[in-house]
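Coordinates in review
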Amino acid sequence: MEKPAAFPDNFLWGGAIAANQAEGAWNQGGKGPSVADAIAYKSNLDVKNYAGHMSVTDENIADALNGLNDGQYPKRRGIDFYHHYQEDLALFAEMGFKVLRVSIAWSRIFPTGEDLEPNEAGLIFYENLFREMRRLKIEPLVTLSHYEMPLALSEKYNGWVHRKVVDAFVRFCNVCFDRYQHQVRYWLTFNEIDSIHRHPFTTAGIREEKSQPGKAKQDIYQGLHHQFVASALVTRDCHAKIPGSQVGCMLTKLTTYPRTCRPEDVEATLHKNLENHFYADVQVFGEYPPLILRNLELRGIHIEMQPGDLEILKQHTVDFVSFSYYMSLTESTEADAERTAGNTVLGVKNPYLPASEWGWQIDPVGLKISLLELYDRYRKPLFIVENGFGARDTVEAGKIHDPYRIDYFRAHFEQMRDAVHLGVDLMGFTSWGPIDIISAGTSQMSKRYGFIYVDQDDEGQGTLNRLRKDSFYWYQKVIATNGADLT
Ligand code: BG6
């Protein structure tokens, strides 16, 4: 008899955070300022306009460097995970986490990116963090670059546009591999490497104002190429230094459907999805897709490559494919098609789907489609390293009732289980922001993803107390039953 759909026995359930959105302590323990520390909170901006929240001008950077009031820069304070990590890990362990995805803030280890020696206090912080995770039997999954490069490298080189940043990053990663080789097995190189096009400053320290007129796009592709090369080089080094380690790429899965079955809409959608897969294609197949190369040529974009770059990409490909999935979009050739916001994108609205307050369309079936599509394309183990529902929560008599979040996860887990049943090799699932953290896109605190509530508002007021939401107990049960009980 056929077995009922179920998750694999060793399935890694857990959550994911990033240093710049959680740690705080932006100038403590020898840490240097990162690009995230220069992003001010703009309360008067439309929350669906991510570009307005994530972009910076030279003037903004000067203000940030001149030490203006911390209150304006929420990512500098995060949720003070730096001082609360033991308490937070205990709560994750109480939920039964098998894995926690964290990132290492590059500027905590190399404050300017080019310091002669790594910052010992920064290294010790992560050593203690990983030791505590291991004690609680939580496997670390570590992202080496998650929107937090040293601000100094952005200032000096226009970020990843300059080849020197490749060397600086490889050096930083090697320090991490040497130091944490006995503590960390699973590594991700660049969070959402594709996001360099959507927010070049936070992803790669690139500022349009620093580019020659008309060369901004070209600079972004150059920075992307440098990240591809750096990713391959550190994959090589990780494999050499840590036997049995596994390195993954990380993609924003922006699954897009044609708005109608008009062949023109279908073709436009095909191009969108080819573009979305391009980044993982390079890291999995070890080469640029021919259609992308031709597209760059047609657009007059020339990527400067050094001799040996293509061989490096070919030789050091990733072991698994990880991705974030929050929403889906549609595409249409009609200029006046109604649009909605998604994860740092603007797409055409899908009339069949509800959306969150931030405009992100809720599409659990889209997760199954994404899993099938990615597994068929890459034939590599997949890892969902971000998924979740950003919502406002209210505290009533110390309780947070969040059935909307439970509904979101239940529907997505059912689709995941189906995908596994259909043959997808899925290693694990880490929910985004299992504890409320600062939003990457809007720098809000009020856009909450957590199973654990943190008492802090958008202006940084609050006790920072942690409270278990209803979803905390629900996720605890899901993990305890390995996804068998989703009620
Ligand atoms: C992902 C990022 O794109 O989306 C995270 O990797 C981010 O850093 C998450 O927090 C959710 O986006 P937001 O803007 O709601 O925080």
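Thresholds, definitions, all that
Residues numbered from 1 in each chain as written. Predicted model: local features only at pLDDT ≥ 70, side-chain atom pairs only at ≥ 80, totals over all residues. Heavy atoms only, no water. 1 Å grid on protein atoms, 1.4 Å probe; cavity = no way out; pocket = protein on both sides within 12 Å on 5 of 7 lines; lining within 4 Å. Points joined across faces, edges and corners; volume = space filled by probe spheres on them. Nonpolar A, V, L, I, M, F, W, Y, C, P; charged D, E, K, R; others polar. Helix = DSSP H or I, 4+ residues; strand = E, 2+ residues; numbered from the N terminus. Buried < 20%, exposed > 50% of the residue type's maximum accessible area, 1.4 Å probe, protein only. Salt bridge = Lys/Arg side-chain N within 4 Å of Asp/Glu carboxyl O. Contact = heavy atoms within 4.5 Å. Polar contact = N/O pair within 3.5 Å; in protein donor to acceptor, adjacent residues only side chain to side chain.

With that settled, the discussion passes to empty space enclosed by the protein. A full pass over the atoms with the stated rule returns 6 cavities of 30 Å³ or more. Counted as a void, the largest cavity has a volume near 320 Å³. In terms of lining, the largest cavity is formed by 28 residues, of which the most central are Asn343, Trp360, Ala440, Gly441 and Tyr449. Counted by class, the lining of the largest cavity contains 14 nonpolar, 10 polar and 4 charged residues.

This paragraph deals with unusual backbone geometry. For residues besides glycine, phi is generally negative; the peptide bonds are generally trans as well. Within the chain, lysine 137 stands out as a residue other than glycine whose phi angle is a positive 60 degrees. Take lysine 137: it is sitting in the loop between helix H7 (120-135) and strand E3 (139-145). The backbone of glutamate 192 sits at a positive phi, close to 40 degrees, despite the residue not being glycine. Counting through the fold element by element, glutamate 192 comes out in the loop between strand E4 (186-190) and helix H10 (200-204). Residue glutamate 192 is classed as buried on the basis of its relative accessible area, which comes to 4%.

With that settled, consider the pattern of salt bridges. Considering all chains together, one arrives at 32 salt bridges under this definition. Among the ionic pairs, arginine 207 bridges to glutamate 155, the shortest N-O distance being 2.9 Å. With arginine 207 in the loop between H10 and helix H11 (216-241) and glutamate 155 in helix H8 (residues 151-157), the pair connects residues that are 52 residues apart, well separated along the chain. For arginine 207, a relative accessible area of 4% gives the class buried. Residues arginine 262 and aspartate 265 are paired through a salt bridge, measuring 3.4 Å at the closest nitrogen-oxygen approach. Its relative accessible area of 34% is what places arginine 262 among the partly exposed residues. By relative accessible area, which is 0% here, aspartate 265 ends up buried. A single salt-bridge network, built from bridges that share partners, covers Asp393, Asp402, Arg405, Asp436, Arg448 and Lys469.

Along the polypeptide, aspartate 393 turns up in the loop between strand E11 (382-386) and helix H16 (403-421). Beyond its immediate chain neighbours, meaning those up to four positions away, aspartate 393 contacts Ile400, Asp402, Tyr404, Arg405, Arg448, Tyr453 and Lys469. Side-chain polar atoms of aspartate 393 contact the side chain of tyrosine 404, separated by 2.6 Å. Among the polar contacts listed, one links the side chain of aspartate 393 to the side chain of lysine 469, at a separation of 2.5 Å.

A word on the layout of surface pockets. Remark: the empty space left among the atoms is shown by a probe the size of a water molecule rolled over them. For the largest pocket, the calculated volume is near 600 Å³. Along the walls of the largest pocket sit 28 residues, with His271, Lys272, Glu275, Asn276 and Tyr279 positioned nearest its centre. Of all the elements in the fold, those that place two or more residues in the lining of the largest pocket are H11, helix H12 (263-285), helix H13 (290-298), strand E8 (329-331) and strand E10 (346-348). Broken down by element, the lining of the largest pocket gets its largest block of residues, 8 residues, from H12. For the lining of the largest pocket, the per-class residue count stands at 13 nonpolar, 7 polar and 8 charged. Of all the secondary structure elements, the ones that give two or more residues to the lining of the second largest pocket are helix H2 (50-54), H10 and H11. In terms of residue class, the lining of the second largest pocket is made up of 9 nonpolar, 3 polar and 5 charged.

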